[in-house]
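Single-letter residue listing:
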Amino acid sequence: MANDVKIKSTDLKVFYHDFQALYEINMEIKENNVTALIGPSGCGKSTFLRSINRLNELIEGTSTKGQIYIDEIPLYDKDIDPVNLRKNVGMVFQQPSVFPMSIYDNVAYGPRIHGVKDKAILDEIVEKSLKAANLWNEVKDRIKSPATGMSGGQRQRLVMARVLAVEPQVILMDEPASALDPISTAKLEELISELKNSYTIVIVTHNMQQAARVSDYTGFFLNGALVEFNRTDELFVNPRDKRTEDYITGRFG
Amino acid sequence: MKATNRLEKIINLCFWLSASVIAGIFIIIIGYIAVKGFSVVNLDFIFTAPTRAGKEGGISTTIIGTVYLTAVALLFAVPLGVSTAIYLEEYARRKSRFARLVNLTAETLAGIPSIIFGLFGFVFFVIFLNLGWSILSGGMTLAIMILPTITRTAQEAILNVPHEYRENSLALGASKWQTISKITIPSAAPGIITGIILSIGRVVGETAAIILTAGSSLGMPLSLSDPVRTMAVHLYILALEGISLERAFGTAFVIVILIIIINYMAHLSLRRLSHLSS
Ligand SMILES: Nc1ncnc2c1ncn2[C@@H]1O[C@H](COP(=O)(O)OP(=O)(O)O)[C@@H](O)[C@H]1O
Ligand SMILES: [Mg+2]
């Protein structure tokens, strides 16, 4: 099972007006694996990630060519509803942005949006999601208090819980640890390893140790192109491309 | 070193003086109104209708008139203004010609003296639509008058909602409208309410435009097509026609108290709303 392809990108190109941010990206992302995307800042990692849940198209002037498939369903087909797609593809951003409401309401936001009204069911989803995000024990006594009073690390796990509550199949993470202290980062990485049994995770990071620690596969981006994509242990030990080698040995970036 | 220090002190003093002058003026006016008005204001003054053109009796009908006019004005202006703001900030393309036109109109309308709206309301609602001097004519005129304020403060409030909120909501599979109604508007609510308070202040303080469109009848209004007199209009007539300066101050006192109460209530609701986001 773990070797099934979950997400497949074919000749993906993304433009911001005239500027081409991605060049013919071909990549196969395996189910129930963690795939890391690395590369210097501005090389298109976020753009690629955001094309998997079609978030780029919310920015005026973006256009996308090529195709991305999830379970062989072409995401950029005319009759695909991006709102529906995003229920299945959750996303965690660099800055953990909690909504100005209670912890409970943050987690219940997604399920409520998708029509769950029953209080008992919502309670259950909230508890389950907070537990899965390793946050339950810290907040169970103040679940109705404002989420804005939480620490950065807790916020990022709350955002995770909010995503998990929607029960997506894929979770995209855009530098989720860049605003976190080392202890919170360690907790987040632990969480990622736990979650990969049930989810397909794609994580952007500019921390190569992190990529090496958490991921099964790694893709190296440079100037909008995917330079190298391989098993993480292979890519870090035996980079095939000179540019990959330069990057992972810290010669630039 | 010393010279700059002294300069700093002088500058500091200047700012302190300006602030004290403002506070002083404010306290003197309020104090004067309170002292002069206090002698006539009691429960009777508030709950009985004026008689002999306001020389005797209270101001109950003008309080009711003020409340009705304000309510009608808000009933028209708030939904319209807030929807316009949502359209401009969330749906219209920022550089579209229509959006720029609406923005320019709102900006221009905000600077037009109220008497011009009054004149328009008189010609259009009172005469052309034949609504007469009435709560409806006056309320709609005032609605047009406050529309730019409501729209622009709502726009500002919506613009200030962090973009990440919207992105996170959409990424959770919420539709655009769900995001607007469940995230954007609640987050913008404090700012929107501030605009509404400013508008209430303008309506309560307005006179000329109201006389032209709602009349100045002292009777108790029984329907939307009845004319009314607001407290500010009453005050104006009492003072101008020399009916009773004492009662003019009494009315002024009630207006000030009302404004303070409205501000306080708004403050409370803002605190309740921002309680979660603080
Ligand atoms: N909204 C945008 N408008 C125009 N250019 C953009 C926009 N977002 C990103 N870009 C450009 O696209 C390129 C890739 O950006 P991004 O995907 O954010 O890179 P990364 O995440 O790897 O740092 C950069 O050159 C960036 O300047
Ligand atoms: Mg990025």
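Up top is the structure these notes are about.
Residues numbered from 1 in each chain as written. Chains lettered and ligands numbered in written order. Predicted model: local features only at pLDDT ≥ 70, side-chain atom pairs only at ≥ 80, totals over all residues. Heavy atoms only, no water.

**Student:** Which parts of the structure should I look at to understand the interface of chain A and chain B?
**Tutor:** Tallying the contact residues gives 27 residues for chain A and 22 residues for chain B. In total, about 2000 Å² of surface goes out of reach between chain A and chain B, with carbon and sulfur atoms giving 64% of it. Broken down residue by residue, the surface that chain A buries against chain B is led by A:P100, A:Y109 and A:I113, which jointly contribute 27%. At the boundary of chain A with chain B, the tally comes to 1 salt bridge. One salt bridge connects A:R50 with B:E167, and the closest N-O pair in it is separated by 2.9 Å. (Contact = heavy atoms within 4.5 Å. Buried area = accessible area lost by both parts, 1.4 Å probe. Salt bridge = Lys/Arg side-chain N within 4 Å of Asp/Glu carboxyl O.)

**Student:** Just checking my understanding: could you explain a nonpolar patch on the surface for this structure?
**Tutor:** Residues and elements named next belong to chain B. Together, Y87, Y91, F98, L101 and W177 line one region of the surface with nonpolar side chains, adding up to about 560 Å² of accessible area. Put simply, the parts of the chain that give the nonpolar patch at least two residues each are α3 (60-91) and α4 (97-110). Mapped onto the secondary structure, W177 falls in helix α8 (residues 176-205). (Patch = residues over 30% accessible without salt bridge, like charges linked within 9 Å, V, L, I, M, F, W, Y side chains within 5 Å. Areas by Shrake-Rupley, 256 points an atom, 1.4 Å probe, with all protein chains shown as cover. Helix = DSSP H or I, 4+ residues; strand = E, 2+ residues; numbered from the N terminus.)

**Student:** I keep staring at the site of ligand 1 and nothing clicks. Help me out?
**Tutor:** Residue and element names in this part refer to chain A. With respect to spatial proximity, the complete set of residues near ligand 1 consists of Y16, F19, A21, S41, G42, C43, G44, K45, S46, T47 and I59. G42 is positioned such that a nitrogen or oxygen atom in its backbone is 2.6 Å from an oxygen atom of ligand 1. One of the side-chain nitrogen or oxygen atoms of T47 is found 2.4 Å away from an oxygen atom of ligand 1. Protein contact buries 63% of the 560 Å² of open area that ligand 1 shows by itself. Going through the elements one at a time, β2 (19-30) and α1 (45-52) are the ones with two or more residues in the shell around ligand 1. Looking at side-chain class alone, the shell around ligand 1 contains 5 nonpolar, 5 polar and 1 charged residues. (Near = heavy atom within 4 Å. Polar contact = N/O pair within 3.5 Å; in protein donor to acceptor, adjacent residues only side chain to side chain. Nonpolar A, V, L, I, M, F, W, Y, C, P; charged D, E, K, R; others polar.)

**Student:** Sorry, what's going on with the sheet that holds strand β5 (residues 73-74) of chain A here?
**Tutor:** The pairing of strands in a sheet happens through backbone hydrogen bonds and is either parallel or antiparallel. Residue and element names in this part refer to chain A. In spatial order, the strands read β2-β1-β4-β5; together these 4 strands make up an open sheet with antiparallel pairing. Among the strands making up the open sheet, the edge pair consists of β2 and β5. With 8 bridges connecting them, strand β1 (residues 5-16) and strand β4 (residues 62-70) associate as antiparallel partners. Counted as the bridge partner of V14 is T64 from β4. Across the sheet, α1 is in contact with β1, β2 and β4; its angle to β1 comes to roughly 120 degrees. (Pairing = 2+ DSSP bridges. Axes fitted to C-alpha atoms, helices over the stretch in contact; angles between N-to-C directions.)

**Student:** What should I look at first to understand the sheet that holds strand β8 (residues 200-204) of chain A in this one?
**Tutor:** Residue and element names in this part refer to chain A. Spatially, β6-β7-β8-β3-β9-β10 is the arrangement adopted by the 6 strands of the open sheet, whose pairing is mixed. Unpaired on one side and paired on the other, β6 (89-92) and β10 (225-231) mark the two borders of the sheet. In this sheet, neighbouring strand axes are inclined to one another by 15 degrees on average, regardless of whether the strands run parallel or antiparallel. Contacting β3 (34-38), β6, β7 (170-174), β8 and β9 (217-222), α1 crosses the sheet at an angle of about 155 degrees to β7.

**Student:** Help me out: how do you make sense of unusual backbone geometry in this one?
**Tutor:** For residues other than glycine, phi is negative in most cases, and the peptide bonds are mostly trans. Residue and element names in this part refer to chain A. We note that R54 has phi near 55 degrees; this positive angle belongs to a residue other than glycine. Position of R54 among the secondary structure elements: in the loop between α1 and β4. On the basis of relative accessibility, which here comes to 11%, the residue R54 falls in the buried class. The phi torsion at N223 lies on the positive side, around 50 degrees, for a residue other than glycine. Within the secondary structure, N223 sits in the loop between β9 and β10. (Buried < 20%, exposed > 50% of the residue type's maximum accessible area, 1.4 Å probe, protein only.)

**Student:** What should I look at first to understand the pairing of β1(A) in this one?
**Tutor:** It is a general feature of regular strands that their side chains alternate between the two faces of the sheet. Both β1(A) and β2(A) contribute to a ladder of 8 bridges, which runs antiparallel. Paired with A:Y16 across the bridge in β2(A) is A:F19.

**Student:** Which parts of the structure should I look at to understand the pairing of β3(A)?
**Tutor:** Residues and elements named next belong to chain A. Of all 5 residues making up β3, 5 are buried, and the element is well covered by its neighbours. Side chains V34, A36 and I38 of β3 all project onto a buried face; the interleaved residues T35 and L37 project onto the opposite face, where all are buried too. As judged from the 4 bridges shared by β3 and β8, these two strands associate in the parallel manner. Within the sheet, the bridge partner assigned to V34 lies in β8 and is I201. With 4 bridges connecting them, β3 and β9 associate as parallel partners. Among the inter-strand pairings, T35 is bridged to a residue of β9, identified as Y217.

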